[in-house]
Amino acid sequence: MENEELVRLAIEAMAFAYTPYSGFRVGAALLTAEGKVYQGCNIENAAYTPTNCAERTAFFKAVSEGQREFDAICIVGGKDGILSGYTAPCGVCRQVMMEFCDPETFRVILAKDEKHWQEYRLQELLPMGFGPDNLKKQG
Ligand code: THU
């Protein structure tokens, strides 16, 4: 799938962002290895800490439906849904990506619109990340 299409799906997902406290709306489109897309939006909470980012919403939807292999995620976001800059994933979301993705190959696409996007590998955004391999028995 082309990045342009993933951007379109992330923007579509942002429409459902529930952001009565920050007004910062985020949408994500997560592409599985088999080519399926899971969309997510941020979901805020009056108690603040239970807030879930768009990226984690997408990951948890996918994993809860049996997906375990991922190719890329596209993220869009902005105050009041105005996409004036690039929205990078927070540290917690990078760590969730680290759990399910190969940091050398998983692509994180930050977009403003279908023509303006930047692509990174997870490894660039989370250098020396701690992941499942760290807990494997040492031989
Ligand atoms: N947020 C995301 O959904 N993803 C990010 O990568 C950055 C932050 C949300 C959480 C909160 O609802 C709002 O943006 C402001 O932090």
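The rules we used
Residues numbered from 1 in each chain as written. Predicted model: local features only at pLDDT ≥ 70, side-chain atom pairs only at ≥ 80, totals over all residues. Heavy atoms only, no water. Core = buried A, V, L, I, M, F, W, Y, C linked by side-chain atoms within 4.5 Å. Buried < 20%, exposed > 50% of the residue type's maximum accessible area, 1.4 Å probe, protein only. Helix = DSSP H or I, 4+ residues; strand = E, 2+ residues; numbered from the N terminus. Contact = heavy atoms within 4.5 Å. Near = heavy atom within 4 Å. Polar contact = N/O pair within 3.5 Å; in protein donor to acceptor, adjacent residues only side chain to side chain. Areas by Shrake-Rupley, 256 points an atom, 1.4 Å probe, with all protein chains shown as cover. Nonpolar A, V, L, I, M, F, W, Y, C, P; charged D, E, K, R; others polar. Salt bridge = Lys/Arg side-chain N within 4 Å of Asp/Glu carboxyl O. Pairing = 2+ DSSP bridges. Axes fitted to C-alpha atoms, helices over the stretch in contact; angles between N-to-C directions.

Things to note about the nonpolar core
Note on soluble globular proteins: their nonpolar side chains tend to be buried together. The biggest cluster of nonpolar side chains holds 23 residues, and the ones touching the most others in it are Leu30, Phe59, Phe70, Ile73, Met97, Phe106 and Val108. If you list the elements that add at least two residues to this core, you get β1 (24-32), α2 (54-63), β3 (70-79), α3 (91-100), β4 (107-113) and α4 (122-125). For this core, the element with the highest residue contribution is α2, accounting for five residues. Once residues lying within four places of it in the same chain are set aside, the contact partners of Phe106 are Leu30, Phe59, Phe70, Asp71, Ala72, Ile73, Met97, Cys101, Tyr120, Arg121 and Leu122. Core analysis: the second largest hydrophobic core is formed by 13 residues, Leu9, Met14, Ala29 and Ile109 among them.

Brief notes about α2
Extensive coverage of α2 is indicated by the burial of eight of its ten residues. Turning to α2, its buried residues number three or more, namely Ala54, Glu55, Arg56, Thr57, Ala58, Phe59, Ala62 and Val63. Looking at the buried positions of α2, the neighbouring elements they touch are β1, β2 (37-41), β3 and α3.

Here's the deal with the site of the ligand
Taken together, Ser22, Phe24, Val26, Asn42, Glu44, Thr51, Cys53, Ala54, Glu55, Ala88, Pro89 and Cys90 form the complete shell of residues around the ligand. A distance of 2.5 Å separates an oxygen atom of the ligand from a polar atom in the side chain of Glu44. Here Cys90 contributes a backbone N or O atom positioned 3.5 Å from an oxygen atom of the ligand. Protein burial of the ligand: of its 370 Å² of free accessible surface, 78% is covered by the chains. Of all the elements in the fold, those that place two or more residues in the shell around the ligand are β1 and α2. Across the shell around the ligand, the residue classes break down as seven nonpolar, three polar and two charged.

A closer look at the pattern of salt bridges
If charged atoms from side chains of opposite charge come close, those side chains can pair. Evaluation of the coordinates by the stated rule reveals six salt bridges. The salt bridge partner of Asp71 is Arg107, with a shortest N-O separation of 3.0 Å. Highlighted residues: Asp71 in strand β3 and Arg107 in strand β4, separated in sequence by 36 residues. On the basis of relative accessibility, which here comes to 12%, the residue Arg107 falls in the buried class. The structure contains a network of salt bridges with shared partners spanning Asp71, Arg107, Glu119 and Arg121.

What about the sheet that holds β1?
Taking strand neighbours across the sheet as the criterion, the five strands line up as β2-β1-β3-β4-β5 in an open arrangement whose pairing is mixed. The open sheet has two edge strands with one neighbour each: β2 and β5 (116-121). Within the sheet, the average angular offset between the axes of one strand and its neighbour, ignoring direction, is 20°. Looking at chain direction, β1 and β3 are connected through nine bridges and run antiparallel. Directly across from Phe24, in β3, lies its bridge partner Lys79. Sitting on the sheet, helix α1 (residues 3-14) touches β1, β2, β3, β4 and β5, and the angle it makes with β1 is about 135°.

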